[in-house]
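A look at the structure
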Number of protein chains: 2
Amino acid sequence: MQVISKNVSDGIQSASWIRRMFEAGIELKQKYGADQVCDFTLGNPDLPPVPDVARTLQKLAGEVQQPFSLGYMPNAGLPSTRQRLAEHLTCEQQVPLGAAHVVVTCGAAGGLNVLFRTVLEDGDEVLCPSPYFVEYGFYAGNYGGKLVPVSSRLPDFSLDLDAIESAITARTRVVLVDSPNNPTGAVYNRSELTGLAAVLARAGARFGKPIYLVSDEPYRCLVYDGTEVPPILPLHRFSVVVGSFSKSLSLAGERIGYIAVNPAMPQGDELLAGLILCNRILGYVNAPVIGQRLVEAALGVTVDAGIYRKRRDAMASLLRDAGIEFALPKGAFYFFPRVPGRVDDLEFCRLLLEERILAVPGRGFGLPGYFRLTYCMDEAVIRRAAQGFKNAATRAAR
Amino acid sequence: MQVISKNVSDGIQSASWIRRMFEAGIELKQKYGADQVCDFTLGNPDLPPVPDVARTLQKLAGEVQQPFSLGYMPNAGLPSTRQRLAEHLTCEQQVPLGAAHVVVTCGAAGGLNVLFRTVLEDGDEVLCPSPYFVEYGFYAGNYGGKLVPVSSRLPDFSLDLDAIESAITARTRVVLVDSPNNPTGAVYNRSELTGLAAVLARAGARFGKPIYLVSDEPYRCLVYDGTEVPPILPLHRFSVVVGSFSKSLSLAGERIGYIAVNPAMPQGDELLAGLILCNRILGYVNAPVIGQRLVEAALGVTVDAGIYRKRRDAMASLLRDAGIEFALPKGAFYFFPRVPGRVDDLEFCRLLLEERILAVPGRGFGLPGYFRLTYCMDEAVIRRAAQGFKNAATRAAR
């Protein structure tokens, strides 16, 4: 008896081997104790929220007895939050944004869903560099869209502009980049992004319709070694930024993000009206009000990226010692190393599991033969895994 | 140039006359001052959040410096919130629910979207009694579904079971009821709902597939004159309750609701797995964490329904004095009166506008010839509108 839709049923099946890894981890933790397991699977930041969060909650506690304090608001968000975001993004994106160009959303994930619901027709394609954040396929698929992953250049995961240009068809509606990247930690530089914008402009002209350049930027605040995250809005008229405060303020569970539309976009008003309607009709209605107040108060503050840099360096030295090849991440909090030896990514993750180390096989991100590690946990956990990585690599080489 | 999808473009157009009324109201308020305008359009409760909300925010302010305090969590919600909700709903629904039967959602609107994404195939039909909450059409349409409104009995807006039975087809997947009802204030009694469950059981057997009975209950806490809101879960195996705390705790902007699945449902585990996946992939990821903590602390408390009852009575007496016919609402905070005189609902709302009174034409809810008034505002505003209603009714009679 079919109690759920075929598509959702398939979604559950396709997620099930990642889930199996996750459940193996739970089993392992129950068996040996959580502190005996090194879990590098989930990107759940362990840094506490920035101090402004506690201060603002304290302040809100004194204010919420006012009527409407936590009531409905315009679907695009609190006017004051939109205004503050516009000022912040004007600096960050180097184009003059007004409150009207910003829609506050239920995290970046909510922002991407709202955007795809707004612009995709059934069968439209969303291109993204691969390896990629596996949820993108679901986000496009929710609205009849199709994700088309395009392989990035190895070994540094930079954009392959020729491959992207070749992959664009009459059905391409969006090219979606995620920089700093999950799962690779790559940060696209100005020349790559300028080249990408040129590809999109040519393709748009060829097919007589706009192709949106969408930049998903939840990790913008986490870059290392002076790496620049170039603003996307000055590069392409049909560009949109989607961002979040989950990582910058350690606020992932409260679900606050935004969509910012290029003020220079032709018919940008129409896109914005569509985004606001879709934010409403997808059932978000508006982004959570308390989260909006927290972001408004804390905007510009970020957690200390230096802590993540030290963890990255610890993880890099551990991998080097185990003889595992990797591209050093320039941002975010992920490594995407090559599987060593003669085994595939599933088998290597199984070998790691035997060392009580949890990692995600690369095929979960569209690239078998690699695996993903997060480093948003204490350095002690990273260091504790050193011998286990060596053991697994040795066994993989046999 | 088509910058947004055709469907969203149509959505903006179809919403535009309600928007026009709303914008006329803004203009009126700017011209005469907000206190000179009686706005009965929007269901935004004016009661402050219950006191537990401030207390819990205060408590949270002292706790959020802990790592993970506002971080990611299981997609179905905080285990403790699910558990408390299960206990609460066990009393309310009179069937034994466990935490596993409850998914915390981004309001009832988020809950309905998650449910429709999970169960609807392209072209599936969602039946609902009409007049109806206009967003339902969008919620079903987001996932290729089609809303099929079925007229309720007049003048009391009770369920027309024969009409519902006749309207069920092989494509019917969900019958959605909203009780206490927006826009009518009707509350379906036990015999209506038992009859409806029998209709669904017969139809399910005829078409060899389950038809879900979904009860949308954001106004459950607001009933008057000892009216009972019968629990839906004991009536039909394939039943689901969707609820929210927007009205009971005056927390509409924080977006907290839930989906509760009948523990007696065959393959209920599969439905729940689908709901949890869809809560994730629609970009909600999880319901806002602070809202979950607030609900967990305040569950069982509600705003004083007596205040709304007094407002209802004030509005009823005002309408009677103006010679306007209506069914006295048993719950929620809406009247859905008949348009008096010889004019249609658009014209009558225009006449009210001239009296600086804002109301929504009934066609916005699928029933021309009626109009909707909310009474979630101060009684003084209601009383101030008395002469205006009389004037408009007099002019409508000419």
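Each chain has its residues counted from 1, running along the sequence as written. Think of it this way: whatever chain is written first is A, whatever ligand is written first is 1, and the rest follow in order. This being a predicted model, a pLDDT of at least 70 is required before a residue's local features are given, and a value of 80 or more before pairs of side-chain atoms are given or counted; all residues contribute to the totals for chains, interfaces and linings.

**Looking at the interface of chain B and chain A**
- Taken together, the contacts link 71 residues of chain B with 71 residues of chain A.
- Helix and strand labels come from DSSP, where a helix needs a run of H or I of at least four residues and a strand needs a run of E of at least two; each type is numbered from the N terminus. Listed by contribution, the elements that provide at least two residues to the side of chain B that touches chain A are α1 (6–32), α2 (51–63), α4 (107–119), α5 (135–141), α8 (268–281) and α9 (289–298) of chain B.
- With 8 residues, the single largest contributor to the side of chain B that touches chain A is α4(B). A residue pair is marked as a contact if its C-beta atoms, positioned from the backbone, fall within 7 Å.

**Considerations on the pairing of strand β6 (residues 212–216) of chain A**
Residues and elements named next belong to chain A.
- The buried count for β6 comes to 5 of 5 residues, which makes it a mostly enclosed element.
- Three exposure classes are used, based on other C-beta atoms lying within 10 Å of a residue's own C-beta, which is placed from the backbone: buried for 20 or more, exposed for 12 or fewer, and partly exposed in between. Covered by surrounding structure in β6 are Y212, V214 and D216 together with L213 and S215, the residues of both alternating faces.
- With 5 bridges joining them, strand β5 (residues 172–178) and β6 adopt parallel strand pairing. Within β6, the position partnered with V174 by the bridge is Y212. DSSP calls a pair of strands paired once it identifies at least 2 bridges connecting them.

**Considering helix α7 (residues 190–207) of chain B**
Residue and element names in this part refer to chain B.
- Taking 1.5 Å per residue as the helical rise, α7 with its 18 residues ought to reach 26 Å, and the 26 Å between its terminal C-alpha atoms agrees with that figure.
- By the burial criterion, the buried members of α7 are E192, L193, L196, V199, L200 and A203. Taken down its axis, α7 places every buried residue within 115° of arc, on the same side. Exposed and facing more than 90 degrees away from the buried side of α7 are R190, S191 and A205.
- If you follow the buried residues of α7, they end up packed against α6 (161–167), β5 (172–178) and β6 (212–216).
- One or two steps after α7, the chain reaches G208, where phi turns positive at roughly 60°. To estimate the expected span of a helix, subtract one from its residue number and multiply by 1.5 Å. By construction, the arc corresponds to the directions joining the helix axis to the C-beta atoms.

**Notes on the environment of L127(B)**
All names here are of chain B.
- Tracing the sequence through the fold places L127 in strand β3 (residues 125–130).
- A tally of 24 C-beta atoms within 10 Å means that L127 is categorised as buried.
- Separated by 23 residues in sequence, L127 and V150 have C-alpha atoms that sit 6.9 Å apart.
- Residues in contact with L127, not counting those within four places in the same chain, are V148, V150, I164, A167, I168, T172, V175 and L176.

**Quick look at the relation of the copies chain B and chain A**
- Overlay of chain B on chain A (RMSD 0.0 Å): rotation 180°, translation along the axis 0.0 Å. In symmetry terms, the pair is related by a two-fold rotation axis.
- A symmetric contact is evident, with 100% of the interface residues of chain B recurring at the interface of chain A. Here the copies are superposed with least squares, the fitted atoms being C-alpha atoms of residues at a pLDDT of at least 70 in both.

**Some details on helix α10 (residues 305–321) of chain B**
Residues and elements named next belong to chain B.
- An ideal rise of 1.5 Å per residue puts 24 Å on 17 residues; α10 measures up with 24 Å between its terminal C-alpha atoms.
- Every buried residue belonging to α10 is among Y308, R311, R312, M315, L318 and L319, and all of these are buried. Along the axis of α10, the buried positions cluster into a sector of 125°, meaning they face one direction only. Of the residues in α10, the exposed ones pointing more than 90 degrees away from the buried face are G306 and R320.
- Its buried side turned inward, α10 meets β9 (334–335), β12 (371–374), α12 (379–384) and α13 (386–397).
- Backbone geometry just downstream of α10 places G323 in the positive-phi region, at approximately 70°.

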